[in-house]
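Survey of secondary and tertiary structure
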Amino acid sequence: MPDPVQVRSMFSRIAGTYDGLNRGLSMGIDQRWRRRVVRAAGDLRGARVLDLCCGTGDLSWLFARSGAQVVGADFTMEMVQRAPAKAPAEARAAQGGVTFVQGDAQALPAPDGTFDVASVAFGIRNVLDPERCLQEMKRVLRPGGKALVLEFPPPGRSPVAQGFKLYFKHVLPRIGGLVSGDRDAYRYLPRTVLAWPKPDAFADSMRAVGFEDVGFETMTGGIACLHWGTRPA
Ligand SMILES: C[S@@+](CC[C@H](N)C(=O)[O-])C[C@H]1O[C@@H](n2cnc3c(N)ncnc32)[C@H](O)[C@@H]1O
């Protein structure tokens, strides 16, 4: 079970190298996965989006580029404070914007029914109580609003997934450790992914907190998985 103090301390240590390592270690595919999340949200012009565990803001800004008004929340100051400077010109052109705040995904400072979309990318796995996080997402969504969760599921049996497992366990901690100076942080990633529920089981958790129209789609040979659900009307 992730210890929030250690998680925050870890992300504060790797904040400076986080974006570069994400792009390098995933060979740029991480942004393709985030763009899939944005497409799954539908028409975003004028939509209110809450992006939880927003980190350095990559997904938040992709939503804003599609015209959404976004709140990006993360409990690690060193991560979230890097996000505003990454504003792309396309966000302003689309009349989208992001307000970044420091906040805990398990206790959101937002009234009930505020958002059209609530998202979390590669974040819920790090939260002490993922079910509580899902409940909070449901609470802050308006009836009919959409929850979108992007995660790394435990690798399946496909050759791509098995190859990724080896890469994840043996190559990634070495490169991540070398570049960030924090090998533990990049050992934490495969450890938590291997302990994360399979897509079917996580979909059941979404149903259990009361989401409707729950579904998921695996991507890139099962390396990443997008989950969705709707707050009942
Ligand atoms: C792997 S990063 C993902 C960042 C970003 N969503 C992305 O796609 O790159 C995980 C983030 O979750 C944040 N986090 C972990 N637990 C949290 C919690 N309980 N509340 C808010 N943020 C949390 C960490 O601070 C970190 O920035």
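Our structure is the block above this text.
A quick note: this is a predicted structure, and the numbers were derived from the prediction, not measured.

1. What about the overall build of the chain?
Of the regular secondary structure elements, the chain holds 9 helices and 7 strands. Taken over the C-alpha trace, the chain has a radius of gyration of 17 Å; the compact-globule value for 233 residues is 17 Å, and the two agree within 12%. Viewed in the frame of its principal axes, the chain has a C-alpha envelope of about 45 × 40 × 30 Å. Across the 233 residues of the chain, 42% fall into the buried class. Here the analysis covers contacts within the chain between residues at least 6 apart in sequence; of these, 70% occur between residues at least 24 apart.

2. Concerning unusual backbone geometry
Phi is positive for Met27, which is not a glycine, with a value near 55°. Tracing the chain through its elements places Met27 in the loop between helix H1 (4–26) and helix H2 (29–40). Positive phi, close to 60°, is recorded for Gln95, a residue that is not glycine. By secondary structure assignment, the location of Gln95 is in the loop between helix H5 (89–93) and strand S3 (97–102).

3. So, the environment of Arg23
Looking at the secondary structure, you find Arg23 in helix H1. Contact partners of Arg23, with chain neighbours within four places excluded, come to Gly28 and Asp30.

4. Remarks on the site of the ligand
The full set close to the ligand counts 20 residues, and Cys53, Gly55, Thr76, Ala105 and Ala121 are the nearest of them. At the level of secondary structure, the elements contributing two or more residues to the shell around the ligand comprise H1 and helix H3 (58–65). Considering each element in turn, the shell around the ligand owes the most residues, 3 residues, to H1. The residue inventory of the shell around the ligand, partitioned by class, reads 12 nonpolar, 5 polar and 3 charged.

5. Thoughts on the sheet that holds strand S2 (residues 69–74)
The 7 strands lie next to each other as S3-S2-S1-S4-S5-S7-S6, forming an open sheet whose pairing is mixed. Both outer strands of the open sheet, S3 and strand S6 (212–219), are each paired with one neighbouring strand and no more. Each strand of the sheet is rotated relative to its neighbour by a mean of 15°, with strand direction disregarded. In the packing of helix H6 (residues 130–140) onto the sheet, contacts are made with strand S1 (48–52), strand S4 (115–121) and strand S5 (141–151), and the angle to S5 comes to roughly 145°. Each of S6 and strand S7 (224–230) is contacted by helix H9 (residues 199–208), which is oriented at about 155° to S6, the strand it contacts most.

6. Details of the pairing of S1
Of all 5 residues that make up S1, 4 are buried, and the element is covered over most of its length. Pairing analysis gives 5 bridges linking S1 to S2, with the strands arranged parallel. The residue of S2 that forms the bridge with Asp51 is Gly72. Read as a crossover between parallel neighbours, the route from S1 over H3 to S2 is right-handed. Pairing of S1 with S4 involves 4 bridges; the strand directions are parallel. Residue Val49 lies in a different strand from S4, and its bridge partner there is Val117.

What counts, and where the lines are drawn
- Within every chain, residues take consecutive numbers counted from 1 along the sequence as written.
- Residue-level local features of this predicted model are given only where pLDDT is at least 70; pairs of side-chain atoms are given and counted only at 80 or more, and the full residue set underlies all totals for whole chains, interfaces and linings.
- To qualify as a helix, a DSSP run of H or I must reach at least 4 residues; to qualify as a strand, a run of E must reach at least 2; elements of each kind are numbered from the N terminus.
- Here the globule rule is a power law, 2.2 Å times the number of residues to the power 0.38, and the radius of gyration is based on C-alpha atoms.
- Three exposure classes are used, based on other C-beta atoms lying within 10 Å of a residue's own C-beta, which is placed from the backbone: buried for 20 or more, exposed for 12 or fewer, and partly exposed in between.
- A pair of residues counts as a contact when their C-beta atoms, built from backbone coordinates, are separated by no more than 7 Å.
- Nearness is defined per residue: the C-beta atom, placed using the backbone, must lie within 6 Å of the molecule or strand.
- Under the scheme applied, nonpolar residues are Ala, Val, Leu, Ile, Met, Phe, Trp, Tyr, Cys and Pro; charged residues are Asp, Glu, Lys and Arg; polar residues are all the others, including Gly.
- By definition, two strands form a pair when at least two bridges between them are found by DSSP.
- Lines fitted to the C-alpha atoms define the axes, with helices restricted to the stretch that makes contact. Angles between their N-to-C directions range from 0 to 180 degrees.
- Classification remark: right-handed applies to a crossover when, strands pointing away from the viewer, the course from the first strand over the helix to the second runs clockwise.

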